[in-house]
Amino acid sequence: MGYQLPKTKANDIFHQWAQKYDIFAPKLMEGEGCFSDTDIIRYGKVSSLDEIEWGKKSDYSFKEVLLAINETLFYFTEDQTTVPKGPEKDILIFLRSCDLHAVKRLDEIYLKNGFEDFYYARIRNRAKFILMGCETTCSSGFCVSMGTNRSDNYDAYMKVEGETVYMDLKWEELFKDVAIAAEQAEVTPAFVTENKEKVTLPRNLSNESFTKEIWKEYGARCIKCGRCNFVCPTCTCFTMQDIFYKDNAKVGERRRVWASCQIDGYTDMAGGHGFRQSNADRMRFKVMHKIYDYEKRFGYPMCVGCGRCDDVCPEYISYSNLVNRLAKEESKA
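Source: prediction; values computed, not measured.

Asker: I would appreciate a short explanation of the pairing of strand β11 (residues 238-245) in the present structure.
Answerer: Two faces make up the sheet, and in a regular strand the side chains alternate between them. Of the pairings in the sheet, the one linking β11 to strand β12 (residues 248-258) comprises eight bridges and is antiparallel in character. The residue bridging D242 from the neighbouring strand is R254, located in β12. Between β11 and β12, which pair antiparallel in sequence order, lie two residues.

Structural data, given as C-alpha coordinates:
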(Lines give C-alpha, C1' and ligand atoms only; values in the text may rest on other atoms or scores of the structure.)
Protein backbone atom coordinates (compact mmCIF):
# COMPACT_ATOMS: atom_id res chain seq x y z
CA MET A 1 0.00 0.00 0.00
CA GLY A 2 1.25 3.45 -0.92
CA TYR A 3 0.12 7.04 -0.92
CA GLN A 4 -0.86 9.74 -3.34
CA LEU A 5 -1.04 13.47 -2.75
CA PRO A 6 -1.11 16.71 -4.74
CA LYS A 7 2.25 17.92 -5.94
CA THR A 8 1.87 21.15 -3.97
CA LYS A 9 1.54 19.22 -0.71
CA ALA A 10 4.36 16.89 -1.71
CA ASN A 11 6.63 19.88 -2.32
CA ASP A 12 5.77 21.26 1.11
CA ILE A 13 6.81 17.93 2.64
CA PHE A 14 9.92 17.91 0.47
CA HIS A 15 10.91 21.34 1.79
CA GLN A 16 10.56 19.95 5.31
CA TRP A 17 12.78 17.02 4.40
CA ALA A 18 15.39 19.41 3.00
CA GLN A 19 15.67 20.95 6.48
CA LYS A 20 16.25 17.58 8.14
CA TYR A 21 18.23 15.74 5.47
CA ASP A 22 20.77 16.41 2.76
CA ILE A 23 18.88 15.38 -0.38
CA PHE A 24 20.79 14.44 -3.53
CA ALA A 25 19.21 13.75 -6.90
CA PRO A 26 20.02 13.97 -10.61
CA LYS A 27 19.53 17.56 -11.74
CA LEU A 28 20.08 19.44 -14.99
CA MET A 29 23.15 21.64 -14.75
CA GLU A 30 23.00 24.12 -17.59
CA GLY A 31 26.27 25.05 -19.26
CA GLU A 32 28.32 22.75 -17.01
CA GLY A 33 29.02 20.01 -19.56
CA CYS A 34 32.37 19.38 -21.25
CA PHE A 35 31.87 22.51 -23.35
CA SER A 36 30.49 25.88 -22.30
CA ASP A 37 27.33 25.50 -24.36
CA THR A 38 26.46 21.97 -23.24
CA ASP A 39 24.34 20.85 -20.32
CA ILE A 40 24.85 17.84 -18.10
CA ILE A 41 22.78 15.81 -15.66
CA ARG A 42 24.69 15.17 -12.44
CA TYR A 43 23.94 14.64 -8.80
CA GLY A 44 23.60 17.67 -6.57
CA LYS A 45 21.67 18.87 -3.55
CA VAL A 46 18.00 19.62 -4.18
CA SER A 47 15.28 21.24 -2.10
CA SER A 48 12.31 20.85 -4.46
CA LEU A 49 10.76 18.11 -6.57
CA ASP A 50 10.99 20.42 -9.58
CA GLU A 51 14.79 20.44 -9.39
CA ILE A 52 14.96 16.69 -9.99
CA GLU A 53 15.43 15.36 -13.51
CA TRP A 54 12.81 12.61 -13.62
CA GLY A 55 12.74 11.77 -17.30
CA LYS A 56 16.38 11.19 -18.27
CA LYS A 57 19.22 9.04 -17.01
CA SER A 58 21.94 11.03 -15.29
CA ASP A 59 25.24 11.34 -17.17
CA TYR A 60 27.13 10.65 -13.94
CA SER A 61 25.97 8.22 -11.28
CA PHE A 62 25.02 8.70 -7.64
CA LYS A 63 28.47 7.35 -6.68
CA GLU A 64 29.97 10.78 -6.09
CA VAL A 65 27.57 11.25 -3.15
CA LEU A 66 28.94 8.23 -1.25
CA LEU A 67 32.48 8.49 -2.62
CA ALA A 68 33.61 12.06 -3.15
CA ILE A 69 35.71 12.59 -6.26
CA ASN A 70 38.30 14.31 -4.09
CA GLU A 71 38.04 13.46 -0.39
CA THR A 72 40.31 14.64 2.44
CA LEU A 73 41.05 11.67 4.70
CA PHE A 74 42.97 13.62 7.32
CA TYR A 75 44.92 16.80 7.96
CA PHE A 76 48.45 16.51 9.35
CA THR A 77 51.00 18.62 11.16
CA GLU A 78 54.46 17.59 12.32
CA ASP A 79 53.14 15.55 15.23
CA GLN A 80 49.42 14.94 14.87
CA THR A 81 46.60 14.14 12.46
CA THR A 82 42.96 15.25 12.43
CA VAL A 83 40.15 13.40 10.64
CA PRO A 84 37.46 15.67 9.12
CA LYS A 85 33.95 15.35 10.47
CA GLY A 86 31.52 13.10 8.65
CA PRO A 87 28.01 14.06 7.51
CA GLU A 88 25.93 15.84 10.14
CA LYS A 89 22.57 14.85 8.64
CA ASP A 90 21.05 11.71 7.20
CA ILE A 91 21.22 11.63 3.43
CA LEU A 92 18.45 10.89 0.94
CA ILE A 93 19.57 9.79 -2.53
CA PHE A 94 17.18 9.56 -5.48
CA LEU A 95 18.31 6.89 -7.94
CA ARG A 96 17.10 4.33 -10.47
CA SER A 97 17.04 0.56 -10.15
CA CYS A 98 20.36 -0.09 -11.91
CA ASP A 99 22.10 2.37 -9.59
CA LEU A 100 20.44 0.88 -6.52
CA HIS A 101 21.97 -2.44 -7.54
CA ALA A 102 25.30 -0.63 -7.87
CA VAL A 103 25.11 0.27 -4.17
CA LYS A 104 25.39 -3.44 -3.41
CA ARG A 105 28.59 -3.59 -5.48
CA LEU A 106 30.11 -0.62 -3.67
CA ASP A 107 29.18 -2.14 -0.30
CA GLU A 108 30.86 -5.38 -1.32
CA ILE A 109 34.15 -3.61 -2.04
CA TYR A 110 34.21 -1.02 0.74
CA LEU A 111 32.46 -2.86 3.58
CA LYS A 112 32.81 -6.61 3.04
CA ASN A 113 36.08 -7.03 1.17
CA GLY A 114 38.20 -8.09 4.13
CA PHE A 115 37.84 -4.80 6.01
CA GLU A 116 35.39 -1.94 6.47
CA ASP A 117 36.41 1.39 4.99
CA PHE A 118 35.86 3.97 7.72
CA TYR A 119 35.12 6.91 5.43
CA TYR A 120 32.69 5.05 3.21
CA ALA A 121 30.95 3.38 6.15
CA ARG A 122 30.23 6.60 8.05
CA ILE A 123 28.38 8.17 5.11
CA ARG A 124 26.83 4.91 3.92
CA ASN A 125 25.29 4.32 7.35
CA ARG A 126 23.48 7.64 7.07
CA ALA A 127 22.21 7.15 3.51
CA LYS A 128 18.67 6.23 2.54
CA PHE A 129 17.65 5.50 -1.04
CA ILE A 130 14.55 6.73 -2.85
CA LEU A 131 13.84 4.77 -6.00
CA MET A 132 12.92 6.56 -9.22
CA GLY A 133 11.02 4.37 -11.64
CA CYS A 134 11.80 3.94 -15.32
CA GLU A 135 8.74 4.25 -17.56
CA THR A 136 10.76 3.56 -20.72
CA THR A 137 14.21 2.20 -21.40
CA CYS A 138 17.16 4.47 -22.05
CA SER A 139 18.91 4.06 -25.39
CA SER A 140 22.15 2.48 -24.16
CA GLY A 141 21.16 0.64 -20.98
CA PHE A 142 20.93 -3.14 -20.77
CA CYS A 143 19.71 -3.54 -17.19
CA VAL A 144 17.24 -6.28 -18.15
CA SER A 145 20.12 -8.44 -19.44
CA MET A 146 21.96 -7.88 -16.14
CA GLY A 147 18.89 -8.48 -13.97
CA THR A 148 19.13 -5.01 -12.43
CA ASN A 149 15.96 -3.52 -13.91
CA ARG A 150 13.97 -4.31 -10.76
CA SER A 151 14.62 -3.45 -7.11
CA ASP A 152 12.67 -3.88 -3.91
CA ASN A 153 15.31 -2.91 -1.34
CA TYR A 154 14.52 0.81 -1.48
CA ASP A 155 13.66 2.97 1.52
CA ALA A 156 11.03 4.84 -0.51
CA TYR A 157 9.69 5.02 -4.04
CA MET A 158 8.49 8.24 -5.58
CA LYS A 159 6.81 9.08 -8.87
CA VAL A 160 5.58 12.43 -10.17
CA GLU A 161 2.72 12.20 -12.66
CA GLY A 162 1.35 15.57 -13.67
CA GLU A 163 0.17 17.31 -10.51
CA THR A 164 0.04 14.13 -8.45
CA VAL A 165 2.84 12.45 -6.54
CA TYR A 166 2.82 8.74 -5.70
CA MET A 167 4.92 7.27 -2.89
CA ASP A 168 5.70 3.89 -1.40
CA LEU A 169 7.41 4.40 1.95
CA LYS A 170 9.38 1.75 3.82
CA TRP A 171 11.43 4.02 6.07
CA GLU A 172 9.31 4.97 9.05
CA GLU A 173 10.73 8.49 9.38
CA LEU A 174 9.41 9.46 5.94
CA PHE A 175 6.15 7.67 6.56
CA LYS A 176 5.37 9.92 9.52
CA ASP A 177 5.62 13.08 7.42
CA VAL A 178 3.51 11.81 4.51
CA ALA A 179 0.72 9.81 6.14
CA ILE A 180 -1.05 12.82 7.63
CA ALA A 181 -1.24 14.68 4.29
CA ALA A 182 -1.83 11.85 1.80
CA GLU A 183 -4.45 9.37 0.71
CA GLN A 184 -3.79 5.67 0.53
CA ALA A 185 -3.35 4.27 -2.97
CA GLU A 186 -1.95 1.26 -4.77
CA VAL A 187 1.57 2.23 -5.79
CA THR A 188 3.78 -0.10 -7.81
CA PRO A 189 7.26 0.99 -8.95
CA ALA A 190 7.67 1.36 -12.71
CA PHE A 191 10.31 -0.99 -14.10
CA VAL A 192 11.31 -1.56 -17.70
CA THR A 193 10.95 -5.12 -18.98
CA GLU A 194 12.86 -4.76 -22.26
CA ASN A 195 15.84 -2.71 -23.43
CA LYS A 196 16.82 -1.64 -26.91
CA GLU A 197 20.30 -2.87 -26.05
CA LYS A 198 20.69 -6.53 -25.11
CA VAL A 199 23.79 -8.24 -23.76
CA THR A 200 24.68 -11.90 -23.50
CA LEU A 201 27.33 -12.56 -20.88
CA PRO A 202 29.97 -15.12 -21.86
CA ARG A 203 29.89 -18.20 -19.67
CA ASN A 204 32.64 -20.70 -18.84
CA LEU A 205 35.37 -18.33 -20.01
CA SER A 206 38.61 -20.10 -20.85
CA ASN A 207 42.18 -18.93 -20.32
CA GLU A 208 42.31 -18.22 -24.04
CA SER A 209 39.79 -15.41 -23.43
CA PHE A 210 42.59 -13.29 -21.96
CA THR A 211 44.69 -13.43 -25.13
CA LYS A 212 42.07 -12.88 -27.81
CA GLU A 213 42.67 -10.41 -30.62
CA ILE A 214 39.51 -8.55 -29.64
CA TRP A 215 41.43 -6.76 -26.87
CA LYS A 216 43.96 -5.37 -29.33
CA GLU A 217 41.19 -4.28 -31.67
CA TYR A 218 39.30 -2.31 -29.03
CA GLY A 219 42.48 -1.19 -27.29
CA ALA A 220 43.71 0.41 -30.52
CA ARG A 221 40.72 2.77 -30.43
CA CYS A 222 41.03 3.72 -26.75
CA ILE A 223 42.65 7.10 -26.00
CA LYS A 224 43.07 6.37 -22.26
CA CYS A 225 40.88 9.23 -21.05
CA GLY A 226 39.27 7.22 -18.23
CA ARG A 227 35.80 8.70 -18.74
CA CYS A 228 34.22 5.24 -18.76
CA ASN A 229 35.50 4.64 -15.22
CA PHE A 230 34.36 7.99 -13.87
CA VAL A 231 30.74 7.65 -15.01
CA CYS A 232 30.51 4.00 -13.94
CA PRO A 233 28.52 3.49 -10.72
CA THR A 234 30.58 0.41 -9.73
CA CYS A 235 34.18 1.40 -10.46
CA THR A 236 35.99 1.84 -7.16
CA CYS A 237 39.64 2.57 -8.02
CA PHE A 238 41.36 5.52 -6.39
CA THR A 239 44.80 6.99 -5.80
CA MET A 240 46.26 8.93 -2.87
CA GLN A 241 47.65 12.46 -2.84
CA ASP A 242 49.54 14.29 -0.11
CA ILE A 243 49.04 18.05 -0.34
CA PHE A 244 51.65 20.22 1.40
CA TYR A 245 50.70 23.78 2.22
CA LYS A 246 52.87 26.57 0.85
CA ASP A 247 53.17 28.51 4.10
CA ASN A 248 54.41 25.40 5.97
CA ALA A 249 55.72 22.44 4.02
CA LYS A 250 55.35 20.17 7.07
CA VAL A 251 51.60 20.72 7.24
CA GLY A 252 49.00 19.49 4.79
CA GLU A 253 46.35 16.90 4.04
CA ARG A 254 46.02 13.46 2.53
CA ARG A 255 43.34 13.00 -0.10
CA ARG A 256 41.68 10.04 -1.75
CA VAL A 257 41.01 10.83 -5.41
CA TRP A 258 39.17 8.88 -8.07
CA ALA A 259 41.47 7.10 -10.51
CA SER A 260 41.13 5.06 -13.68
CA CYS A 261 42.65 1.71 -14.60
CA GLN A 262 42.69 2.91 -18.22
CA ILE A 263 45.09 5.83 -17.86
CA ASP A 264 48.89 5.99 -18.00
CA GLY A 265 50.64 5.56 -14.67
CA TYR A 266 47.84 3.85 -12.78
CA THR A 267 49.79 0.61 -12.25
CA ASP A 268 53.22 2.25 -11.77
CA MET A 269 55.09 1.11 -8.68
CA ALA A 270 58.42 1.64 -6.93
CA GLY A 271 61.47 0.95 -9.06
CA GLY A 272 59.87 2.18 -12.26
CA HIS A 273 57.88 -0.98 -12.84
CA GLY A 274 54.33 -0.99 -14.16
CA PHE A 275 51.68 -3.48 -15.21
CA ARG A 276 49.28 -3.38 -18.13
CA GLN A 277 51.23 -0.90 -20.22
CA SER A 278 49.29 -1.49 -23.44
CA ASN A 279 45.78 -0.26 -24.14
CA ALA A 280 44.78 -3.81 -25.01
CA ASP A 281 45.80 -5.10 -21.58
CA ARG A 282 43.92 -2.30 -19.85
CA MET A 283 40.79 -2.87 -21.89
CA ARG A 284 40.92 -6.58 -21.11
CA PHE A 285 41.42 -5.91 -17.40
CA LYS A 286 38.47 -3.54 -17.17
CA VAL A 287 36.00 -5.76 -19.02
CA MET A 288 37.07 -9.05 -17.49
CA HIS A 289 36.99 -7.53 -14.02
CA LYS A 290 33.35 -6.51 -14.59
CA ILE A 291 32.08 -9.80 -15.99
CA TYR A 292 34.52 -12.48 -14.77
CA ASP A 293 36.87 -11.68 -11.86
CA TYR A 294 34.28 -9.96 -9.68
CA GLU A 295 31.64 -12.62 -10.32
CA LYS A 296 34.11 -15.38 -9.56
CA ARG A 297 34.70 -13.84 -6.15
CA PHE A 298 31.26 -12.51 -5.17
CA GLY A 299 28.86 -14.61 -7.23
CA TYR A 300 27.36 -11.97 -9.54
CA PRO A 301 28.69 -9.57 -12.22
CA MET A 302 29.99 -6.16 -11.24
CA CYS A 303 28.35 -4.40 -14.21
CA VAL A 304 24.76 -3.25 -13.68
CA GLY A 305 24.01 -2.41 -17.32
CA CYS A 306 23.47 1.35 -16.94
CA GLY A 307 25.12 2.03 -20.32
CA ARG A 308 26.90 5.21 -19.21
CA CYS A 309 30.28 3.99 -20.45
CA ASP A 310 28.87 3.65 -23.96
CA ASP A 311 27.32 7.12 -23.73
CA VAL A 312 30.47 8.92 -22.65
CA CYS A 313 33.22 7.31 -24.74
CA PRO A 314 34.67 9.89 -27.18
CA GLU A 315 35.82 7.05 -29.46
CA TYR A 316 32.39 5.36 -29.49
CA ILE A 317 33.76 2.17 -27.98
CA SER A 318 30.77 0.09 -26.97
CA TYR A 319 31.29 -2.02 -23.87
CA SER A 320 28.04 -3.86 -24.56
CA ASN A 321 29.07 -4.74 -28.12
CA LEU A 322 32.47 -5.91 -26.88
CA VAL A 323 30.88 -8.26 -24.33
CA ASN A 324 28.47 -9.62 -26.94
CA ARG A 325 31.34 -10.30 -29.33
CA LEU A 326 33.32 -12.02 -26.61
CA ALA A 327 30.32 -14.22 -25.79
CA LYS A 328 29.89 -15.08 -29.47
CA GLU A 329 33.54 -15.99 -29.89
CA GLU A 330 33.49 -18.12 -26.73
CA SER A 331 30.43 -20.02 -27.95
CA LYS A 332 32.36 -21.03 -31.07
CA ALA A 333 35.41 -22.19 -29.16
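Asker: Got a minute to help me understand the sheet that holds strand β5 (residues 81-82) in this structure?
Answerer: Sheet strands associate in pairs through backbone hydrogen bonding, adopting either a parallel or an antiparallel arrangement. Pairing is antiparallel in the open sheet, where four strands are placed in the order β5-β4-β12-β11. The sheet is open, and its two borders are formed by β5 and β11, each paired with just one other strand.

Asker: Teacher, can you tell me more about the state of the cysteines here?
Answerer: Here a disulfide denotes a covalent bond joining the sulfur atom of one cysteine to the sulfur atom of another. Applying the stated criterion across every chain, the model contains zero disulfides. With no disulfide partner, C309 has as its closest neighbouring cysteine sulfur the one in C306, 6.3 Å distant.

Asker: In this structure, what is going on with the side chain of K290? I would like to understand it.
Answerer: In this fold, K290 is placed in helix α9 (residues 279-298). D99 provides the closest opposite charge to the buried, unpaired K290, separated from it by 11 Å. The residues contacting K290, other than those within four sequence positions of it, are C232, T234, C235, P301, M302, C303 and Y319.

Asker: Explanation requested: the pairing of strand β7 (residues 127-132) in the structure shown.
Answerer: Of all six residues that make up β7, five are buried, and the element is covered over most of its length. Two strands pair when backbone bridges link them, and strand β6 (residues 90-95) and β7 are joined in this way by five bridges, in the parallel orientation. Bridging from a neighbouring strand, F94 pairs with I130 of β7. Relative to strand β8 (residues 156-161), β7 runs parallel, the two sharing three bridges.

Asker: Just to check I follow, could you spell out the sheet that holds strand β1 (residues 2-6) for this structure?
Answerer: The eight strands are arranged β3-β2-β6-β7-β8-β9-β1-β10 in an open sheet whose pairing can be described as mixed. The open sheet is flanked by β3 (40-45) and β10 (183-185), the only strands paired with a single partner. Within this sheet the neighbouring strands show an average axis-to-axis angle of 30°, counted without direction. The strands that helix α3 (residues 97-110) touches are β3, β6 and β7; relative to β7, the one it contacts most, it runs at about 150°.

Rules used throughout
- Residues numbered from 1 in each chain as written.
- Predicted model: local features only at pLDDT ≥ 70, side-chain atom pairs only at ≥ 80, totals over all residues.
- Heavy atoms only, no water.
- Pairing = 2+ DSSP bridges.
- Helix = DSSP H or I, 4+ residues; strand = E, 2+ residues; numbered from the N terminus.
- Disulfide = S-S within 2.5 Å.
- Buried < 20%, exposed > 50% of the residue type's maximum accessible area, 1.4 Å probe, protein only.
- Lys, Arg positive; Asp, Glu negative; His and termini not counted.
- Salt bridge = Lys/Arg side-chain N within 4 Å of Asp/Glu carboxyl O.
- Contact = heavy atoms within 4.5 Å.
- Axes fitted to C-alpha atoms, helices over the stretch in contact; angles between N-to-C directions.

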